[in-house]
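# A look at the structure
Chain by chain, the residues run as shown.
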Amino acid sequence: MGVGVWGVRSGQTIHKELILATAAVEHHHPVHPPTATGLNTWKVGFWVFMGSETLFFGSLISIYLVYKGTSVVGPYPSDVFDIPLTTVSTFVLLMSSLAVVLALDFLRAGRRNLALFWTMMIIVLGATFLGFQAYEFTHFYHVGLTLSTNLFGSTFFVLTGFHGAHVTIGVIWLLILWVDMFRGKLRPENSLRLEIAGLYWHFVDIVWIAIFTLIYLME
Amino acid sequence: MAESHAILDEHGHSHDEEHHVGWKKYAVIGLVLAIITGVEVAIFYVDALAPVLVPALLVLSAAKFFLVVQYYMHLKMDHPIFGRVFWAPLFLAVLVVIGMVILFKILPTYGVFS
């Protein structure tokens, strides 16, 4: 905390460090070691990671679209998709994104109980989404659609399965953060931990926005 | 440029700007997202809108995408470098999807590669 001296550098760099230190004192945030950009490397790195993830999901979506309509045996998308059900699960995931920003907002404001409540809401909503997906996958299995039934099954399960895996990781991550917040280890000073987890959560949300439109509604 | 980022904290965003987004605004954005999803599903079931279904869904989906990225992920308020490292690969991913669809779905219908 406070105005740290990290060595003698150019006047501009020192000026930037003083600004960071002052902001940290005023807002009770810790100061990270100086970086070339003046930004936290964890956060920059995480945005780069999300950039790479867009390419990963972009590839899976393009594979689905390329093989769309080429299955020679059923079931076909129109036979199995339940749009009202998926709409509810999409709504659940969108609301979990709202819970993320509220949890972060309250954590930064030092309102611990509200931050705990909204973080738990993200976990509950995320688990609910996974429940919908588990139900959907089970239903598809019972009507004869598996990973190896046809091209639709292969590309659909790979795409939505990877997305579900990402949501599962997010739920576990947020559960860990909730425990840390409950034990007093996650505070306004280190709210960056929740912010990065929140960015990840929003990312899986926007991927689902694309999947819902391109795969379910444009069947 | 330097002035606009003069009070960046270690998270890379301005506290002055951050204060403009409170829980009420977040809630309004959440409501808008829910309404757009409802509209998407509604037009899906309206047969008269079938000719414009695809472009309409793409526009609505893009609107939701931008709302989440700009406000919930704070790209609108954060340092521009975060936007650059995210939008550039996203642009590439969209090009990959469009390119694949053109190569394997559209061109073959015109007899190309056949």
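Residues numbered from 1 in each chain as written. Chains lettered and ligands numbered in written order. Predicted model: local features only at pLDDT ≥ 70, side-chain atom pairs only at ≥ 80, totals over all residues.

### Let's talk about the overall build of chain A
Each helix and strand counted, chain A has seven helices and zero strands in total. Traced from its N-terminal end to its C-terminal end, chain A shows the element sequence α-α-α-α-α-α-α. Classification of the 219 residues of chain A by burial places 40% in the buried group. In chain A, 74% of the contacts between residues at least 6 apart in sequence involve partners at least 24 apart. (Helix = DSSP H or I, 4+ residues; strand = E, 2+ residues; numbered from the N terminus. Buried ≥ 20, exposed ≤ 12 C-beta atoms within 10 Å, placed from the backbone. Contact = placed C-beta atoms within 7 Å.)

### Looking at the interface of chain A and chain B
Interface size is often expressed as the accessible area that is lost when the parts come together. Across the boundary between the two partners, chain A contributes 51 residues, which contact 45 residues of chain B. For the side of chain A that touches chain B, the secondary-structure elements that each account for two or more residues are helix H1 (11–27), helix H2 (41–67), helix H4 (83–108) and helix H7 (192–217) of chain A. It is H2(A) that contributes the most residues to the side of chain A that touches chain B, 15 residues altogether. By residue class, the composition of the side of chain A that touches chain B is 30 nonpolar, 17 polar and four charged. (Nonpolar A, V, L, I, M, F, W, Y, C, P; charged D, E, K, R; others polar.)

### A few points about the environment of His139(A)
Tracing the chain through its elements places His139(A) in helix H5 (residues 112–142). Between the alpha carbons of His139(A) and Phe81(A) there is a distance of 9.9 Å; along the sequence they are 58 residues apart.

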